[in-house]
Amino acid sequence: MATADSVSLFTGLGLSEHKARETLKNAALSAQLREAATQAQQTLGSAIDKATGTLLYGVASRLRDPRRLPFLVRYVANKKIHTEAQLSAALEYVRSHPLDPIDPVDFERECGVGIEVTPEQIEAAVEVAIQRHRPQLLEERYHFNMGLLMGEARAALKWADGKMIKHEVDMQVLHLLGPKRETDLEKKPKVAKARPEETEQRAAKDAVENGENYKTPGYVTTAHTMELLRQHLAVTGGQVRTRFPPEPNGILHIGHAKAINFNFGYAKANNGICFLRFDDTNPEKEEARFFTAICDMVAWLGYTPYKVTYASDYFDQLYVWAVELIRRGQAYVCHQRGEELKGHNPPPSPWRDRPIEESLLLFEAMRKGKFAEGEATLRMKLVMEDGKMDPVAYRVKYTPHHRTGDTWCIYPTYDYTHCLCDSIEHITHSLCTKEFQARRSSYFWLCNALDVYCPVQWEYGRLNLHYAVVSKRKILQLVANGAVRDWDDPRLFTLTALRRRGFPPEAINNFCARVGVTVAQTTMEPHLLEACVRDVLNDTAPRAMAVLEPLQVLITSFPAAKPLDIQVPNFPADETKGSHQVPFGPIVFIERTDFKEEPEPGYKRLARGQPVGLRHTGYVIELQRVTKGPGGCVESLEVTCRKADAGEKPKAFIHWVSQPLTCEIRLYEPLFQHKNPEDPAEVPGGFLSDLNPASLRVVEAALVDCSVARAKPFDKFQFERLGYFSVDPDSHEGQLVFNRTVTLKEDPGKV
């Protein structure tokens, strides 16, 4: 259908022209809406009223299973579904009943088809709500939250039209209070809010101590909920319990730092505890070094788990529960292959309704190793928010487990394991990133299907950075291609890489605190993290002097017969933090860029006729002679020196070294050239084609003053005028290696 015809069709449903054109940009939505409108016109004719058009748009935009489109459109076109509440119930019904045929009697009962709510019923329900809140209404008048009245009336009359309820509330409130006065038009004074951490602490404490999990939006209750919560409170005493549950198949990255801060920090703020639980259910990808590295990084960030646990600790219990799930008719053994289950709308399993006893025998056969990998899985009978049907609970894997060895040849999946481990550990707040929202229904469903304590799942947005990739698979590709050395290459944003580069853990925690916790995904610029690093290192990294591109300077009028000892403050802004001593002799080295034979206007450092001061010495040097080598390259300078207070103050003071140590210095730039290296629109050739060839520059013969001679790996310094640097673990007795952590100031020209 031509674009103009589609726009005309969609505007005929009540959409604005702008909304119609925006809809056409979504090919799947526009095709579904076009089909819905065409079918409705067969019943209603070409003229469709706006209310019906709105419902048809709701069907097309919210329906996940296109097979149900004709079924729902028929009910809308025949005016059997004519309110938003009925449509929401209908969409939920078809989502939770994916198999044919749909029982029309049950469907209509659950969706309120044929139920007519009279104006008299609405009037009575609103009157009851107003009487319940009458004293507060009379006191607050029009400042009262009228949404509360509408909510209570809608709760009493599930299938009532929302607009009719609002109209009745407006009329009855007007009758009770009369017209608005001038005081009613004034803004309601703001009540001072408690600090966020106090609010979170109080809310979490109340929810747990009072056993009010069931009041959480979306929380599913059963006949056993209150008793299970009572038992849970008997175990925890109302204590907040969180957990950080990483998979031990890779190194933690900056996004995990946010998760660590949120889980451990939330527990600490509420006087609770946090578990470190390894989700070790995939033995093929797990390595001992990842377990160690994860523990190290949690400790490095300053957190101590209440207890370190493993999903494998609970394998026996999880298996018992899987058998019970089959016995309750909520799980079955399936033989569909993995490739058959891929895609948005895979076919239902032909084994979904196999007898319970048969599934029990087959699951035991899986346990005893009688099936090859991929030949059988245990699947749960539910449909998730994203439309995924019957997620896998157990699969066959003949890979020895790092803790249980060959005891098991079947392993539980995340969808099955996660919520049950939370239940076993009596977690109160299951905090996870937004992509797990699609698993919330399976989380609640599984706990309730087994009648075990059900924690509350809360989702928050992931933290990402521009100019970075954090995917484990993609980091492995970078390592394999030689683009980076390993998981701890300082150009990456894994936590081990950031530590190696010299980022202090306090800076990472401060960055996570500044970013905060939001529902939306957060993608930040790296320079915001670097600013947090500078804030910490400025107060913690002692000063030293280093020269990257040395130029030898001979002081012909050196004021002493032997080198002088110069006291250099560790922190010039706070001399109470001590100082260190460096030698100052007749031969010093300065940065090659701190001298120019022919300076441009505005150049303030050493040049002919333009002396400079040497930092911390109290002396000024003035150029006398330039020595050049082959090709005209400047090899050395001869200068005279005088006391700084013996003449005109120089325009600049430069750093220097004398009797220095030779060291290696590694200078880092962003690993990628574009902000979003994984975005095909920005980088059509893929992230590996976007590597920055200048991301690492190694200065093999830099010079540093001898005050750092005893530095150990991860010791941090500010090299004056150059930036902050950290000692790399590659250092050895013969030579120190330094990584530049960050420059002294953000470079406005830098990506």
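Rules of the game
Residues numbered from 1 in each chain as written. Predicted model: local features only at pLDDT ≥ 70, side-chain atom pairs only at ≥ 80, totals over all residues. Heavy atoms only, no water. UniProt positions renumbered as here; feature names shortened; annotations may be inferred. Pairing = 2+ DSSP bridges. Helix = DSSP H or I, 4+ residues; strand = E, 2+ residues; numbered from the N terminus. Expected span 1.5 Å × (residues − 1). Buried < 20%, exposed > 50% of the residue type's maximum accessible area, 1.4 Å probe, protein only. Axes fitted to C-alpha atoms, helices over the stretch in contact; angles between N-to-C directions. Contact = heavy atoms within 4.5 Å.

- An unreviewed UniProt entry lists the chain under the name Glutamine--tRNA ligase, with Pipistrellus kuhlii as the source organism.
- Looking at the Subcellular location (unreviewed entry) heading of the UniProt record, one finds this comment for the chain: "Cytoplasm, Cytosol".
- Per UniProt, the chain has the following entry under Subunit (unreviewed entry): "Monomer. Part of a multisubunit complex that groups tRNA ligases for Arg (RARS1), Asp (DARS1), Gln (QARS1), Ile (IARS1), Leu (LARS1), Lys (KARS1), Met (MARS1) the bifunctional ligase for Glu and Pro (EPRS1) and the auxiliary subunits AIMP1/p43, AIMP2/p38 and EEF1E1/p18. Interacts with RARS1. Part of a complex composed of RARS1, QARS1 and AIMP1."

### As for the sheet that holds strand 19 (residues 619-628)
So, point 1. Here 6 strands make up an open sheet; going across it, the order is 17-14-20-19-18-21 and the pairing mixed. Unpaired on one side and paired on the other, strand 17 (587-591) and strand 21 (653-654) mark the two borders of the sheet.
So, point 2. When strand 14 (residues 550-555) meets strand 20 (residues 634-643), the two strands line up parallel, connected through 4 bridges. The residue of strand 20 that forms the bridge with Leu554 is Glu638.

### Re helix 15 (residues 254-269)
So, point 1. For helix 15, built from 16 residues, the straight-helix expectation of 22 Å at 1.5 Å per residue is met to within 8% by its first-to-last C-alpha distance of 22 Å.
So, point 2. Of all 16 residues making up helix 15, 13 are buried, and the element is well covered by its neighbours.
So, point 3. Two residues or fewer after helix 15 comes Asn271, characterised by a positive phi angle close to 55°.

### Some words on the sheet that holds strand 7 (residues 410-412)
So, point 1. The antiparallel open sheet is built from 4 strands, whose spatial order is 4-5-6-7. Since the sheet does not close on itself, it has two edges, and those belong to strand 4 (331-334) and strand 7, each with one partner. Between one strand and the next, the sheet's axes are offset by a mean angle of 20°, whatever the strand orientation.
So, point 2. Summarising the sheet, strand 4 and strand 5 (residues 377-380) pair through 4 bridges and their orientation is antiparallel. Bridged to Val333 within strand 5 is Leu378.
So, point 3. Together, strand 4, strand 5, strand 6 (392-396) and strand 7 form the strand contacts of helix 18 (residues 356-367), whose direction differs from that of strand 4 by roughly 60°.

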